Structures are given as structure tokens and as C-alpha cells.
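# A look at the structure
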Amino acid sequence: EDLERRLLSPVEFGPGGFRGKPPVRSSRMCPNSRRNAAIAAALMSLLLATPEGRLTHMRREAATTLKTLEPASAEVPVAPEALLLARKPPKINIDMDSGKEELDKRLGRNGTKKKTKEQSPSQSTLKCGGTQKVDSSSDKRERCPDECPFFVQDRTDTDFCTFTCVKEEDCAKMNPATQIGDDKLGVCRSCVVDGCHKCDTSVLEDRCSECQAGFVLKDGLCHFKYAGAWMKYVGYALLAIVVVVVAWIADMQLRPCTNETGLEHGMECRERAKILMPKDEDGERKPWPLSTNLMTTPLAGTGMILHFRFQAALIIWAVFVASVWMFFAQFVDSDLWLLGTRRFGTPRMNCILVAWGYETQNALMWTKVSFLVIVYVGSVLMAFAYGVLQLRCFQETDYKTKTMKDFVAMVIGLPKIPGTKAVEDDLKAKIESLSGETVVGVSVAWDYQEFEEEVTTALRDEVLAGIPTEAPREPPAMNPVRNGFYKFEKTIFMLPDADGAEEEDGSEALRQKLRELRPEAAASEEDPMKQLLLSLHTSPRAFVVFDTQEAMEAAVEKCADGFEFEGANGLTLETLTAEPDTVQWVNFGHSTPQEKALKLVAGFGIIGLACLFWAIVFYAPYAYYVMTFNYENGRQP
């Protein structure tokens, strides 16, 4: 009954409750009052849906109207129904949207709903000529009214990120550099001309008035200055090279086999180079299966195991870093997925994006710091664990596997001894007398860096001399194209002539080099290679090979205090961690600290020059183009 009495009375439901006065639109009503009034209006409509309710309401309205009439007119009998018909029904003016915005504002929350990609740009609430400063809460899809459809950055004030809706003819008034109205983007922009340095602001079209360096201006457009017919000829030359290479490859595929022996020898060498499993019960060596664990199986030595363990450690570390960031993004704030990934666009969109990114990064700065601390501490601990595990793996694998280095010790501190002495035999006898162990042999590291090419060639010829080979045969008849390819291959692969002609004798060249570097050795008329070997001197190191690993270890222990050889004291015998195939013989005798420092400087210098060449020739043009590109309104190079 109380609700009915209140609903049937022309009242306003305000913050203080029901008040008996005519309903008016009050801007001072709080949002809750407006909502309650809306509920009351809905309940009243339900009440007036019945005939009894309507009759009761009409009587009360008539009584209220009679009370408001002047006393003189109260003497005139008037039917309540007639008075009700002559009076306009009261209206409840409620603005639900403004009420909700007021409530959200007072509660300090952002009530703006996020738009999805399918949503169209919001209806514009902007006015022509009114300057608006955008922030992170602004709608980047908002468009200007149709009367002034272009956003322009207001450069007439001293503030930043202020924009105004204008017509195209007014674009230059707010920002002289953006005189063109873009209907698609809804913004005022500058000209879009590749290679342009300064736009022509006197026209409302894409025209340039000054081009960048390397471009020339023609009809408002910028053209590459150095473009010309030479580029066409260079393209033709490159195309010709590609055609020749393709023809060469096709010719090699179509050639008949004329050297079956050489082919079989090559295939045999290829098979021997494969890494195969140990022999099975049938004496056959099969390939390793794809399921082989390369982190534990010594296919090609300990180095291969350590390498693949390193690859696994990198993967584990990367997963750890990604997992930490994903944890923060999933359980702290989903905006961490978006930071740094949103694309830029028009100046107004960029202002909104930068403001959002600035506020979001400041709010989530503690997550970044926490992420860095966790990753840093975790990486340090993982690095320590990785180093320990790698060392243990090497030690365990080395303990289980017997290799050639387990039988060899290195002598350090040899004096400079000429090649005319039997250094190997003398050093072998010395080690045997000191250790009491049997020495298989001694290999002295001679200093031959100045004659590296001659010594390497002589060693290669000596090895090839023990391999039975066929004399070069006359090639079959070939067409001119294939013959040209064959001659080119002989040149680049240094193949011997088919007529069996002897190669140029290098003895005279070696003798001339000996005259320059070893005058005392060049005086003899004997074989120049023999004279070269006799003129060499030992480096400070030599390798001693024992029968067993136990013998090697015993000899090292007995020679720990050093020994004397050829007048030099303090020679030592040490174990090795390197295999024979990793020894660079040519570098012995040139490993003083000064020489190592010079080699390091030279190495870094060569790398620096290569990087400089790459930066100037390849990267600089790309960087110049990217830096001078017009990125306005989201354009990409």
C-alpha cells in the first residue's frame, strides 16, 4: 500500500527519499536516484495497466489539480475526468547514459567498454574547431563529424597530443606541414612521395618541393639520381651468369661416366667418411638410428657430446625465460602480452598508444624488475650448474674411452736445436733413462712456419706417391660448350694435364727461397728439400709416445721436478688434453705472449674490417633508406 501511495503521487524520488512536489528534471539527482525513478516509472506502468489502477490514478490527479487552481475558479464545478484530460501527464526525464557516466566518474573507474575488431568506430562526440587533448582513455577509432572530417594536430598551442577536427582547407592553419586531407585515414597529412625531403604545401596533393640526397625532382616526384641504362645492363649480366651456372650444372648432370675407377674410389672414400656403429655379430657396420641420443652417445668424440649438451642447455634456458614472462602475463596482467606489439598509425593513434604504453609500463614496472631479477639469478645458477655438468661429462667420458692422447706426454722447454742433430733419438733415450719406461717414439715440433707451403706440398706428394693411381687419360670428344666447362673446371680444381706432362719443378723456387731465408743451407748443391729440413730448428715442444697409459703417467710423475737436455735445464713432461688431429704443427715456435697478442689483434682487426665492409656496402644503404622513410600514419618501408 505504501508503494502504491508513493507511485500514484507526483513526486520525485531523490537522495532524501520521496518528496511531494511536481516531478522535474533535476541535474542534481544522483545516478542511483535516476535509476530508482526509472524503476518507479516501470512499476507505475504496470499499475496503470489495470482499469482499477487507472481510475484511482485519475481521481488523485484531478484532486491535485483542483488544489492548484485559484480560489475563484474552485467554485466552478469541474469533473475530475475533464480536468485530467486538459492536463498533460507528468514526464519522468531520465538520462540513463549520463547517470551511468556520473556514477563511474564518482567511483573512479573507467566505464568505457573495449571495442572488438568487429565494432565500427564510435559515434563522434567531437565538435568542429574544438581542440581535444587525447590520453590513454581516448578512443583511437573515433572519427570527426562529417562537416569537418579530418583530425589535425594543433600546432598553434604549446601543448602536445592536441587535435582538432577541421575541413581540408583548414588543415594547414593548424599544422602547416599537413595540408592534405586523407578521406581513408580521416586525418590531415603531408605528402607521400618516396625520396622527398620537403613537401610542397601550396597544393592539396602529393607533390614534393625538395628531394633527399641521391634523388632528383621531376613533376613533383623524386626519382633516383643514379638510375639509368647501366642498371639494365647489370641486370642482363647477372641474368647471363645465372644462365651459365644453370647450364653448367645441367651439363655435369648429363655427362657420361668416363672414369669408373675414379668414381669407385670417390664413393669408397665417401663411405669411409661416414660415422657408423661398431660391428655387429655379422661383422657389418650400420648407420646410427635417428633415435640416437647425441648428448650421451660418443659418436664422434667427447666434443660432439658437449656440443649437443650445450644446445640442450640453450633450449632449457630459453624455455625458462619464456615461462617466467608467460607466468607474469597470465597471472598478473594480460597487458604484458601486448606491450611492444601494437602497431603505430596516425599521429592521434600514436599519442593514444604512447600514453597507454607509458601508463601501462609504469604500472607494471615492478613486474619487469621482478622478471629481470628472476632471470638474472636463474641464469647465473644455471650457468654454474651447466659448467659443473659439462666438466663431469668430459671427465666421465674421457675416463671410459681410450684415445691416442692417453699414451702421449708433451715435453716443454726444449732449447733451439738445429736439424743436423738426431734430436728425436737423443730425447727418447733421455726420457727412458729418467723414467725407466719404454718410449715408442718422439715427435719434435719443428719451427717451419716460413716454409709452410713447401713442407706441406712435399708431405702431400710423399703420401700420394704411396697410393697407386692411373695416369690421366685423354678426355672423350666434347662439344664446344662442354669443352669450355671442362677447361674451366681444370683451372679452378687444378687438375693435371691429360698429356702426362710433368708439373713444374719446384726445386729451383725452393732453392731461391733458401738463398733469401737460409743462405748457409742454399750454398750446398744437394737436394733443396733436404737442405731445408737440415736448416730447421726445434720449437720448445715435443711429443713422447709410450706403450701404455700407466707408463705415461709414471714417466710424468718421475719427471715432475724437471730435467736437463742439451744444456737447457727445467724441461718438464706434462699430460695432454688434445688429440693428435687437433695439433697445429705450423704454429709451434711462434707462441710467445707477444706473438699471441699480435695474432689476437690481427684477428680482431680482420673481423673489424669485414664488419666495416659489410656495414658500408650492405647495411648503410638499407639504414639510410629506413631512416629517411616517411613513417607518417602507419606507413611501412
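Quick note: structure is the one above.
Everything quoted here is computed from the prediction, not taken from an experiment.

What follows covers the pattern of salt bridges. The tally for this structure, following the rule as stated, stands at 17 salt bridges. With a closest N to O distance of 2.7 Å, Asp251 and Arg482 form a salt bridge. Placement of Asp251 in helix 8 (residues 229-254) and of Arg482 in helix 15 (residues 480-493) is noted, with a sequence separation of 231 residues between them. Of the two residues examined, Asp251 and Arg482, each falls in the buried class. When the shortest N-O distance is used, the salt bridge between Lys405 and Asp398 registers 2.6 Å. Residue Lys405 is classed as buried on the basis of its relative accessible area, which comes to 8%. Residue classification places Asp398 among the partly exposed residues on the basis of a relative accessible area of 25%.

Inspection of the entire model under this criterion finds 18 aromatic pairs. Seen in terms of ring centroids, Phe328 and Trp366 are 6.4 Å apart; in terms of plane orientation they differ by 80°. Their pairing is edge-to-face. Remark: Trp366 occurs in helix 12 (residues 365-400) and Phe328 occurs in helix 10 (residues 302-331); sequence separation between them is 38 residues. Where Phe543 meets Trp585, the ring centres are 5.2 Å apart and the plane angle is 70°; that geometry is what we call edge-to-face.

Right, let's get into the sheet that holds strand 12 (residues 408-412). Pairing is antiparallel in the open sheet, where five strands are placed in the order 13-14-12-16-15. Each edge of the open sheet carries a strand with a single partner, namely strand 13 (439-447) and strand 15 (563-565). Recorded for the sheet is a direction-independent mean angle of 35° between the axes of neighbouring strands. Where strand 12 meets strand 16 (residues 568-575), four bridges bridge the pair, whose relative direction is antiparallel. Looking across to strand 16, one finds that Ala409 is bridged to Thr575. Seen against the sheet, helix 19 (residues 549-558) touches strand 12, strand 14 (537-546) and strand 16 and runs at an angle of roughly 145° to strand 16.

When strand 12 meets strand 14, the two strands line up antiparallel, connected through five bridges. In the strand pairing of strand 14, Ala409 is matched with Val544. Here seven bridges tie strand 13 to strand 14, and the two strands are oriented antiparallel to one another. Each bridged residue has a counterpart across the sheet, and for Gly441 the counterpart in strand 14 is Val545.

All right, on to helix 18 (residues 528-535) then. Restricting attention to buried positions, one finds in helix 18 the residues Pro528, Met529, Gln531, Leu532 and Ser535. End-on view of helix 18: buried residues confined to an arc of 160°, all on one side of the axis.

What follows is about the environment of Pro418. Mapped onto the fold, Pro418 is located in the loop between strand 12 and helix 13 (423-435). The sequence separation of Pro418 and Leu534 amounts to 116 residues, and the corresponding C-alpha distance is 7.0 Å. Residues contacting Pro418, with those up to four places away along its chain left out, are Val423, Trp446, Leu536 and His537.

Quick notes on the rules
Residues numbered from 1 in each chain as written. Predicted model: local features only at pLDDT ≥ 70, side-chain atom pairs only at ≥ 80, totals over all residues. Heavy atoms only, no water. Salt bridge = Lys/Arg side-chain N within 4 Å of Asp/Glu carboxyl O. Helix = DSSP H or I, 4+ residues; strand = E, 2+ residues; numbered from the N terminus. Buried < 20%, exposed > 50% of the residue type's maximum accessible area, 1.4 Å probe, protein only. Phe/Tyr/Trp six-rings, centres within 6.5 Å; stacked < 30°, edge-to-face > 60°. Pairing = 2+ DSSP bridges. Axes fitted to C-alpha atoms, helices over the stretch in contact; angles between N-to-C directions. Contact = heavy atoms within 4.5 Å. Arc of directions from axis to C-beta.

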